[in-house]
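Spelled out, the chains give:
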Amino acid sequence: MSVYGQNHFTWNGTLRDLHGSYTGFCTGRGRPSMTATLSSSSGLEVLLSTLQNVGDVESTLNILSVLDELLSAGTDRRIHYMIKKGGSEALLTALVKYGHTFSPNYTILIPLLHLLAKVGHKDRRIGMKAEEAGAVLLTLNLLKHNGQHARRTAACLWVIQVFCSSVSTANLIGENYGLDVIYRLIPQYTTKHLHAIKAAINAFSALLCTKANVCSAVSKGYISGFLWLYEDWHSKDNQDVAIAIRHALLCCLLKATDSTAGRQAFLSQGGIRLLYQTAQTCLLSKNLECLVEPSVQLMRKCLPRIPLPVTSDQSAYSFLLPGTPAFPDVSETPDESSDESDAEEAEDNHEANNRDYDDDLETDVNKLRLPPDPDRPKELLTQYSCFCPELSHDFQELDLSSETGDSSTASSSSDDEVVLLNKDRTKTTAGRDSSTSDGSYSEMEISSRDMPAAAHLEACDFHSHSSILGTSPGFRTMVRGAMGEASPCQREDEQDNEEDGTEEFYHHTIIDRLLERHGAGIPHHDPKLYCAVASKTKSIPDFSILAFPDFWGHLPPPGHQPMAPRKPNIQRQKVFEDIQRFLKTDDIINHVVFDLEDSNLQCQSDSLRFFSKFESGNLRKAVQVRRYEYDLILNPDVNSSQHTQWFYFEVSNMAADVPYRFNVINCEKSNSQFNYGMQPVLYSVKEALEGRPHWIRTGTEICYFRNNFCPAQGRRRTTFYTLTFTITFKHSEDVCYLAYHYPYTYSALMAHLKILQKSVDPAKVFFKQQTLCSTLAGNSCPIVTITACPVSRRWKDLHQMRNRPYIVLTSRVHPGESNASWVMKGTLEFLCSNDLVAQSLREAFVFKVIPMLNPDGVINGTNRCDLNSKDLNRQWSKPDPLLSPTIYHTKGFLYYLNIIGRTPVVFCDYHGHSRKKNVFLYGCSIKETLWQSGSAVDTVGLKEDPGYRGLQTGTQEHQEMGMKFCHSLLSVTKDTRILYSRKLINHIDLDHNMLDHKSHNCFEDDEPPCAEEIEYSGGCPTLKGSDLDSDIDSNMAHVDDDDDKEHNAQKHQQDSISQSQQSSIKNHLFPPQTRQPSVDTPSERRDLRNGLSIAK
Ligand SMILES: [Zn+2]
């Protein structure tokens, strides 16, 4: 507590008395205007009015003292109340009055400036008000004349700092040489007047909020000046008494390097090396920890931007779209979400944030949208009738099977596939012949029946699918080595000269032998079937090689996998390593070891080898940076230059027990679950052959942060992020696969559906797979019907079956969200199972499942889009029949169900989420659903099952989620009798929605802010206990030799006023709602990086 001037008034407890006591010490000049305000003003207004009008020093000091006392004891609410009542203007008026004299009275000016800084700090319009009052240049002038008086200097500097919250005020000060005046106040290392020095640095920093001032500071060489000052203070401050000054200097440099010229000056003056060295010494002392973060931010910010080492920012894969005359120059029209300025827009929109959630609270019915009109004429919908075979199927086989007891014949009829005419459209001719691809489905043909899977396998010559059977070079080398044949390198050299046929035949025998010897017997997986299916899958690069894990299969590893712990300051350590690339180049190799677009690349014999030209693979380029460190560049989505996130590649030629650092350097999302305990997945061929065919979470020292790479062609102002992780391989000479998440290919789906179909009892389960449509690349998009066969062909049973409500499930519209496929796999396996709940569900519903809405994206390793570089999940409102066929026909099918009166009771689209954990549901707006449907809809709110918290979910958990989702569908059925009849009542507690079980609102507790700063473009990290107010307070308490001696005496007298008197003054000057310090505004924590705002 500190008070100015003598305080004579006594206080008896009422406002009226307060007015009275003021009149006692006001001069005659002040009295009339004060009287005028008496009737209508609050006590505070009276004080402020008096402050502007009184003439004598003593009264002014008294008022300042009271005001300061009131403000320093209360919360910010008091200051805001004072600002509302004209407090800033009153203080500015007083400043001009006392400052504009020939010999200013600093006994008044210093407390006045202090108060002004405190109030102005909270007043967003203080700069403008100061300009209007003519106080800006006056303060600068006072500063100029008081360079020798530390207290006065500090007081003026704080006010200038506060004024700079307005750009125009900062420019005004800059134009009047404010930068130069202030810079001259920052001396070399000293232990004196640290307050004033810090105030000068902070004021300089505040002036750098405008482009003009930054420009001027850079052109005048102040960057080199600040670097020199920082070095000086750093080297001499051995006792660490000036940490705050050193911190302030760094913050000043951070602001000064906001311009390109500033960063260049910083670089050319050796800023990076200086800060790297000083930061290293700071790391040795706990006291200096706070200087490391701004140093790191500054270095990251000023490191030169490096173009990605690729020839084009466009994807290595391009696709000729139907109806386009030539390859479009996509780079001319970048995706609307590509600009840096709308980073938020670039986030998944389906990752709804709080605002979306609150939209459901819309109370204005007029703002609710009307249901949109259908996007096509009704006549076009009849083509979808074929996708409801259960409505027309006569189940003749039921009689047959009951007569003969042979169920196998019953299955044949459901094997028919509806094949569309445009099935054979290939990628190369897709655009040239648009006449055959008009989206018309009027002509359909029934293909010859698929052979039952077992027969099919025997019939299909395993070896004839030679092209697809190939395995990657790394795998070949390894198995040869493992089987004791010629040394890998030697053998491969020879192989290159051999004829392809021999080569392939050789591999196939190897594969056969391996399968015989080590075959894993994975449920719902058959390697040979996978090969056969994969050979039909059409890809842009014409993949001829299978990734081993997809072919061999995967079994979930035993046990749960918890989140990986994050080492403290791991990002800082990685950033230091990255900065060293710039400072210390002697161990830098920078050798390209893999390039998707250059298959002739020669690798160093001791470098890792990479490969990604297989289904769902994504790795464009690998560069060996140091002996055990690799930069990896991902391939953007087809026909696009963005959406990099998904990766899946093979790595081989490793040494065991050596930590290899991998950096994926062109990630685009602003944050990642990799910062919160998620690890990439790894599959080891050696482990698989030893009986452990597992994708496992692996990697240490994982973090995700913004880097210094920029697009190769520089057309977009894209920001890239690095995902870095370190892998220590268990085996030497292994072949491993690394992926963002457990891969699930299109071929895996197609093989899985065949196996499922074989697995069901056709007398009980109606399982039918059809082709909804052909994709752009000519792959079929499957639609599956699952329901229970009728008990008999009697009308009653058929009627029951044909009147079951529909449930439509879709997934994998986003190719990078492979977890959605694993959940769907769990759903499908459960629905086809003999589980009692599954039987009940089949008897209660007809399931229509479209398990992969974006096959082409999945096949070609895209992350977000289809081949037309469009996010298919954004096409629902107006899907193009040619360019987004799967969406167009899925929507058409939903329309069809609607017009035949069979609107699905549940429609659920499975997704993955890159930044949220656990399992949760996004519902439609409840109000909008009610409004559009015109009926009461039973809605499940946004619920999360917290059961997987703290875990990195694996395929086991994903499949379980798919099963649990089915369980929850029981609650949708109205007819519970069916469940009772099944004695399910013991199983399932129907009154208890499974999802309600300990469920959370999934928005309530999301990620805490990341442990380290991912971005380097933000402001300077704040130093604890070093804010403006506490600086001012200590300046008040602190008395310099050069300033008024009477201050001490006044302070003593002031202290004699009792606490109770002061608090009663406050209580009468402020309205009740601003009095209680405890009644703070409910704070809203907003983490912009996550695009989430969490109201506490
Ligand atoms: Zn998605």
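Residues numbered from 1 in each chain as written. Predicted model: local features only at pLDDT ≥ 70, side-chain atom pairs only at ≥ 80, totals over all residues. Heavy atoms only, no water.

Novice: Honestly, the overall build of the protein chain in this entry has me stumped. Any pointers?
Specialist: Along its length, the protein chain carries 45 helices and 28 strands. Sequence-distant contacts in the protein chain: of pairs separated by 6 or more residues, those separated by 24 or more amount to 79%. (Helix = DSSP H or I, 4+ residues; strand = E, 2+ residues; numbered from the N terminus. Contact = heavy atoms within 4.5 Å.)

Novice: What's the story with the sheet that holds strand β11 (residues 648-652) in this structure? I'm lost.
Specialist: Backbone-to-backbone hydrogen bonds join strands into a sheet, with any given pair of strands oriented parallel or antiparallel. Taken in spatial order, the five strands make up an open sheet running β8-β11-β18-β13-β14, and their pairing is antiparallel. The two strands at the open ends of the sheet, each matched to only one other strand, are β8 (609-611) and β14 (695-697). Shown here is a sheet whose adjacent strand axes are inclined to one another by a mean of 30°, direction ignored. As paired elements, strand β13 (residues 681-684) and strand β18 (residues 735-739) share four bridges and run antiparallel to each other. Residue pairing in the sheet places L682 in a bridge with L738 of β18. (Pairing = 2+ DSSP bridges. Axes fitted to C-alpha atoms, helices over the stretch in contact; angles between N-to-C directions.)

Novice: For this particular structure, what's the right way to read the pairing of strand β9 (residues 621-626)?
Specialist: Strand residues, when the strand is regular, have side chains that alternate between the two faces of the sheet. Where burial is concerned, most of β9 is hidden: six out of the six residues are buried. In this sheet, β9 lies alongside strand β7 (residues 591-595) in antiparallel orientation, the contact comprising four bridges. Bridge assignment links D595 to a residue of β9, and that residue is K621. The pairing of β9 with strand β10 (residues 629-633) spans five bridges and is antiparallel. Opposite R626, over in β10, you have E629 as the bridge partner. Connecting β9 to the antiparallel partner β10 that follows it, the hairpin turn spans two residues. (Buried < 20%, exposed > 50% of the residue type's maximum accessible area, 1.4 Å probe, protein only.)

Novice: It is not clear to me how the sheet that holds strand β22 (residues 846-850) should be interpreted in this structure. Could you clarify?
Specialist: Sheet architecture is open: five strands sit in the order β19-β20-β22-β21-β23, paired in mixed fashion. Bordering the open sheet on either side are β19 (765-774) and β23 (906-910), each of which pairs with just one other strand. Mean inter-strand twist for the sheet, computed between neighbouring axes without regard to direction, equals 15°. Sheet topology note: the strand β21 (residues 806-811)/β23 ladder contains five bridges and is parallel. Following the sheet pairing, I807 is matched in β23 by V906. Strands β19, β20 (780-788), β21, β22 and β23 of the sheet are contacted by helix α39 (residues 885-899), whose axis makes an angle of about 130° with β19.

Novice: Explanation requested: the pattern of salt bridges in the structure shown.
Specialist: Two side chains with opposite charge may pair up if their charged atoms get near one another. Counted according to the given criterion, the structure contains 38 salt bridges. Of the charged contacts in the structure, one is a salt bridge between D123 and K129, with a shortest N-O distance of 2.6 Å. This pair shows no difference in class: D123 is buried, exactly as K129 is. A cluster of three or more residues bridged by salt bridges with shared partners is formed by K567, K574, E577, D578, R581, D587, R626, E629, D631, R661 and E701. (Salt bridge = Lys/Arg side-chain N within 4 Å of Asp/Glu carboxyl O.)

Novice: For this particular structure, what's the right way to read the environment of K220?
Specialist: Along the chain, the position of K220 falls in the loop between α14 (211-219) and α15 (222-236). Residue classification places K220 among the partly exposed residues on the basis of a relative accessible area of 39%. As for K220 and D180, which are separated by 40 residues in sequence, their C-alpha atoms are 9.1 Å apart.

Novice: Looking at this structure, I do not really get the packing of helix α7 (residues 106-120) against helix α10 (residues 150-163). What am I missing?
Specialist: Packed helices, taken two at a time, are described by the angle between their axes plus the distance between the axes. Two elements in contact, α7 and α10, have axes whose closest approach is 9 Å; the angle formed by their N-to-C orientations is 30°. As judged from the angle between their axes, α7 and α10 are roughly parallel. Our pair here, α7 against α10, has a crossing hand that is left-handed. On the side of α7, the interface is formed by Y106, I110, L113, H114, L116, A117 and G120, while α10 contributes R151, R152, A155, C156, W158, V159, V162 and F163. Taken together, the residues of the contact of α7 with α10 break down into eleven nonpolar, two polar and two charged. (Parallel < 35°, antiparallel > 145°, perpendicular 65-115°, else oblique. Left-handed = near helix turned anticlockwise from the far one by under 90°. Nonpolar A, V, L, I, M, F, W, Y, C, P; charged D, E, K, R; others polar.)

Novice: Sorry if this is basic, but what is going on with the packing of aromatic side chains here?
Specialist: Each aromatic ring pair is specified by the distance between its two centres and by the angle formed by the two planes. A complete count under the given rule lists 38 aromatic pairs for this structure. Arranged with centres 5.5 Å apart and planes meeting at 75°, the rings of Y183 and F226 form a pair that is edge-to-face. In this pair, Y183 is assigned in helix α12 (residues 178-183) and F226 in helix α15, connecting sequence segments 43 residues apart. It is R706 that lies over the ring of Y1016; its NZ or CZ is 4.3 Å from the centre. (Phe/Tyr/Trp six-rings, centres within 6.5 Å; stacked < 30°, edge-to-face > 60°. Lys NZ or Arg CZ within 6 Å of the ring centre and 35° of its normal.)

Novice: Whenever I open this one, unusual backbone geometry confuses me. Can you help?
Specialist: Negative phi characterises most residues that are not glycine, and trans characterises most peptide bonds. One non-glycine residue, F395, adopts positive backbone phi at about 55°. Within the secondary structure, F395 sits in the loop between α22 (389-392) and α23 (396-404). Among the residues examined, F395 registers a relative accessible area of 0% and is labelled buried. For H643, which is not glycine, the phi dihedral falls at a positive 75°. Mapped onto the elements of the fold, H643 is located in the loop between β10 and β11.

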